[in-house]
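Single-letter residue listing:
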Amino acid sequence: MATSATTERTIEAAAAIRHHYDIGNEFYRLWLDRSLTYSCALREGADDTLDIAQERKLQFHLDAIRAGRAINVLDIGCGWGSILQRLGETHRVRQSVGLTLSDEQAAYVRSRRYRGVEVRTESWLDYAPESRFGGIISIGAFEHFATPDDSSTEKIRLYREFFTRCRGWLNDDGALSLQTIAYANMSRENASQFIQQEIFPNADLPTLAEITTAAEGIFEIQSMHNGRLDYAWTCEQWARRLRAHREEASRLVGPDVVARYERYLKLSAIGFRMGKLCLLRIVLHPFRGSYFGDRGGPAR
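None of these values were measured; they are calculated from a predicted model.

## As for the overall build of the protein
And then number 1: Helix and strand counts for the protein stand at 11 helices and seven strands.
And then number 2: By the burial criterion, 55% of the 300 residues in the protein qualify as buried.
And then number 3: Long-range pairs, those at least 24 residues apart, make up 75% of the contacts in the protein with a sequence separation of at least 6.
And then number 4: Element-wise, carbon and sulfur atoms account for 47% of the exposed surface of the protein, whose accessible area totals about 13600 Å².

This is the structure in structure tokens:
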């Protein structure tokens, strides 16, 4: 049963998510790629388009969990369903579950009727699956777990709860593929107040140290990549596309909102290029049996 603190955290997180993501699907369609993937792309060459780089990123995570052999997969923070679509239609996964706190995103995914896909407007804090999964993917959700009021100790406790639950939800031979922005050469005290208050309210980024401390003994890190320059490029691509559609975007959401997003994308690109922010792609495999510090086994 959820505690009152957990319920309050879920309610606050849902409000913050809807503030940003429920601004309107048509607005995002103007400047995201064709798959509506709203997270860092994976760029390999100067000739890459945004569509190609986003497709490569999606495939990275699908390969990380060995989607081709998975029977069921959980996508925590499923967005507009680009991973879910590929799980159902390309990899023919029998059951794919997506969690989101955005009503607009959930409605969009349901409207697509992807094969074997279920989307739930539910927090990972409240989710209780009936069976284990062959793989878990979480792209761009981890940034929303903690709040600016949480101490580093509280953040680590919350992240460890996430990893503990994921471990309990995974088969022993499963994998977790995680992608998140993190603080790099910057403290949260020096982070942009504009982005914290007007773009992603009530959210706080992790540090690499907080992530690894939280995962210690629960998951083994198989690989980790820092794609901060990929994200600088991605934000620049988004900003360029938004500028090109500024007039239409303004009709949809108003000129003030468009100006706010253009500023946010510009500041984000600068932060990644300067090394103040990083973008972590982490592939984790669960330790088998009990883990370090375990007092009763992984959460089920």
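Next comes the rest of the write-up.
## Examining the packing of aromatic side chains
The geometry of two aromatic rings is summed up by the distance between their centres and the angle between their planes.
And then number 1: For the coordinates displayed, the defined rule picks out 25 aromatic pairs.
And then number 2: Seen from their ring centres, Trp124 and Phe162 are 5.3 Å apart, and the 80 degrees between their planes marks the pair as edge-to-face. A residue pair is termed long-range when its members are at least 10 positions apart, and Trp124 in the loop between strand S3 (117-121) and strand S4 (133-139) and Phe162 in helix H6 (residues 152-169) qualify at 38 residues. Exposure class is identical for Trp124 and Phe162. Each is buried.
And then number 3: Each ring, one from Phe142 and one from Phe145, has its centre 5.1 Å from the other, and the planes form 50 degrees; the classification is tilted. For the pair shown, Phe142 and Phe145 are each scored as buried.
And then number 4: Each residue in the set Phe27, Tyr28, Trp31, Tyr38, Trp80, Tyr231, Trp238, Tyr261, Tyr264 and Phe272 is aromatic and connected to the rest through ring pairs, giving one cluster.

## Description of the environment of Arg157
And then number 1: The topology assignment puts Arg157 in helix H6.
And then number 2: Note on Arg157: relative accessible area 44%, which makes it partly exposed.
And then number 3: Measuring from C-alpha to C-alpha, the distance between Arg157 and Thr213 comes to 9.5 Å, with 56 residues separating the pair along the chain.

Thresholds applied
- Residues numbered from 1 in each chain as written.
- Predicted model: local features only at pLDDT ≥ 70, side-chain atom pairs only at ≥ 80, totals over all residues.
- Heavy atoms only, no water.
- Helix = DSSP H or I, 4+ residues; strand = E, 2+ residues; numbered from the N terminus.
- Buried < 20%, exposed > 50% of the residue type's maximum accessible area, 1.4 Å probe, protein only.
- Contact = heavy atoms within 4.5 Å.
- Areas by Shrake-Rupley, 256 points an atom, 1.4 Å probe, with all protein chains shown as cover.
- Phe/Tyr/Trp six-rings, centres within 6.5 Å; stacked < 30°, edge-to-face > 60°.

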